[in-house]
Amino acid sequence: MRKRIVAGNWKMNKTPSEAKALASELLSLIKHREDVEVVFCVPYVDIAPVFEVIQNTTISLGAQNLYLEESGAYTGEISPSMIRESGCTHVIIGHSERRAYFGETDEIVNAKVKKAFEHDLIPIICVGETLTQREQGITKELVRLQTKVALLDISPEKASLAVIAYEPIWAIGTGHTATNEQAEEVCAWIREVLFEMYGKEVSERIRIQYGGSVNASNAEALFSMPNIDGGLVGGASLKADFSVITNAK
Ligand code: PGA
């Protein structure tokens, strides 16, 4: 049985004091469950303050990006060891917003996934198509390529710890959630790609999330699909409602 993983992607929201308040509020509402892992992926400056709130609880902390180098003259960047030492265990890699606004390619995503593993950070690797790509009928080819390149030269042992987030770009922040069937179809396809790469055991261990307008009313149905092992939640992770998503049956 794969353990469900529900991660909140706070994006560029919440100052340190607001972040602490939100984390405390959510902490009081989120039920501790053996079968669900909950992660708050917060802006860099919120990592330390939120860590103070969630340390010694079952909630995990994640960053939303990392830089490829260990240290040095990279003004404005944050290294994997800085993230790890500040209390993160997870990191989102290759979110579509980073791909679109900051030029992250599949090759950069692969390099960042390697760095994450070198520092014992679990990568939440984002893949997904635009509306045009879906209309062109290339969703599966594209997602296959994104998944394969992201995991290039990653050992089966490491890959089995990775999380893949299938996030159709047309569903992100739009309120147009993919139907359960659309989401399941692509998540099942990703598992087939993982099977092709790593075989049955590893492909059945890797957790695949759906992301894109997940909310308190659609989470339960999405998470009940056979190949959807949780969600990456943006907008709805900034409200008390996030607990309804983490507590979903
Ligand atoms: P959304 O964002 O839930 O606001 O659609 C999801 C994401 O971008 O990870």
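Above: the structure in question.
All figures in this text were calculated on a predicted structure; none of them were measured in a lab.

## As for the site of the ligand
Item 1. Near the ligand you find 13 residues, and of these Lys11, His95, Glu167, Gly173 and Ser213 are the closest.
Item 2. Residue Gly173 places a main-chain N or O atom 2.6 Å away from an oxygen atom belonging to the ligand.
Item 3. The class makeup of the residues in the shell around the ligand is four nonpolar, seven polar and two charged.

## Considerations on the environment of Glu181
Item 1. Here Glu181 lies in helix α9 (residues 180-198).
Item 2. The sequence separation of Glu181 and Leu222 amounts to 41 residues, and the corresponding C-alpha distance is 8.7 Å.

## Brief notes about the pattern of salt bridges
Item 1. All told, the structure shown has 18 salt bridges when counted by the stated rule.
Item 2. Between Glu97 and Lys11 there is a salt bridge whose closest N-O contact spans 2.8 Å. Here Lys11 lies in the loop between β1 (4-9) and α1 (16-29) and Glu97 lies in helix α4 (residues 96-102), a separation of 86 residues in the sequence.
Item 3. On the basis of relative accessible area, Glu97 is assigned to the partly exposed category, the value being 25%.
Item 4. Between Glu204 and Lys200 there is a salt bridge, with its nearest N and O atoms 3.0 Å apart. Placement of both Glu204 and Lys200 in helix α10 (residues 200-205) is noted, with a separation of four residues, approximately one turn of the helix.
Item 5. Taken together, the shared-partner salt bridges connect Arg2, Arg191 and Asp229 into one network.

## Quick notes on unusual backbone geometry
Item 1. A positive phi angle, close to 50°, is found at Lys11, a residue other than glycine.
Item 2. Even without being a glycine, Asp120 presents a positive backbone phi close to 60°.
Item 3. For Asp120, the location among the structural elements is in the loop between α5 (106-118) and β5 (122-127).
Item 4. Residue classification places Asp120 among the exposed residues on the basis of a relative accessible area of 59%.

## Let's talk about the packing of helix α7 (residues 139-150) against α9
Item 1. At a minimum axis distance of 10 Å, the contact between α7 and α9 shows a crossing angle of 45°. Relative to α9, α7 is oriented oblique. Of the two possible hands of crossing, α7 and α9 adopt the one that is right-handed. Contact with α7, carried on its side by Thr139, Lys140, Val143, Arg144, Thr147 and Lys148, involves Glu185, Val186, Trp189, Ile190, Val193, Leu194, Glu196 and Met197 of α9 and no other residues of that element.
Item 2. Here the residues of the contact of α7 with α9 are counted per class, giving seven nonpolar, two polar and five charged.

## A word on the sheet that holds β1
Either a parallel or an antiparallel arrangement is found when strands of a sheet pair, and the pairing is made through backbone hydrogen bonds.
Item 1. Strand order in this closed barrel of eight strands is β1-β2-β3-β4-β5-β6-β7-β8, and the pairing throughout is parallel. Direction aside, the axes of adjacent strands within the sheet are offset by 25° on average.
Item 2. Across four bridges, β5 lies against strand β6 (residues 163-166) in parallel orientation. Among the inter-strand pairings, Val127 is bridged to a residue of β6, identified as Tyr166.
Item 3. Lying on the sheet, helix α2 (residues 44-54) is in contact with β2 (36-41) and β3 (60-63); it crosses β3 at an angle near 175°.

What counts as what
Residues numbered from 1 in each chain as written. Predicted model: local features only at pLDDT ≥ 70, side-chain atom pairs only at ≥ 80, totals over all residues. Heavy atoms only, no water. Near = heavy atom within 4 Å. Polar contact = N/O pair within 3.5 Å; in protein donor to acceptor, adjacent residues only side chain to side chain. Nonpolar A, V, L, I, M, F, W, Y, C, P; charged D, E, K, R; others polar. Helix = DSSP H or I, 4+ residues; strand = E, 2+ residues; numbered from the N terminus. Salt bridge = Lys/Arg side-chain N within 4 Å of Asp/Glu carboxyl O. Buried < 20%, exposed > 50% of the residue type's maximum accessible area, 1.4 Å probe, protein only. Axes fitted to C-alpha atoms, helices over the stretch in contact; angles between N-to-C directions. Parallel < 35°, antiparallel > 145°, perpendicular 65-115°, else oblique. Left-handed = near helix turned anticlockwise from the far one by under 90°. Contact = heavy atoms within 4.5 Å. Pairing = 2+ DSSP bridges.

Function cannot be inferred from these measures alone, as they are strictly geometric.
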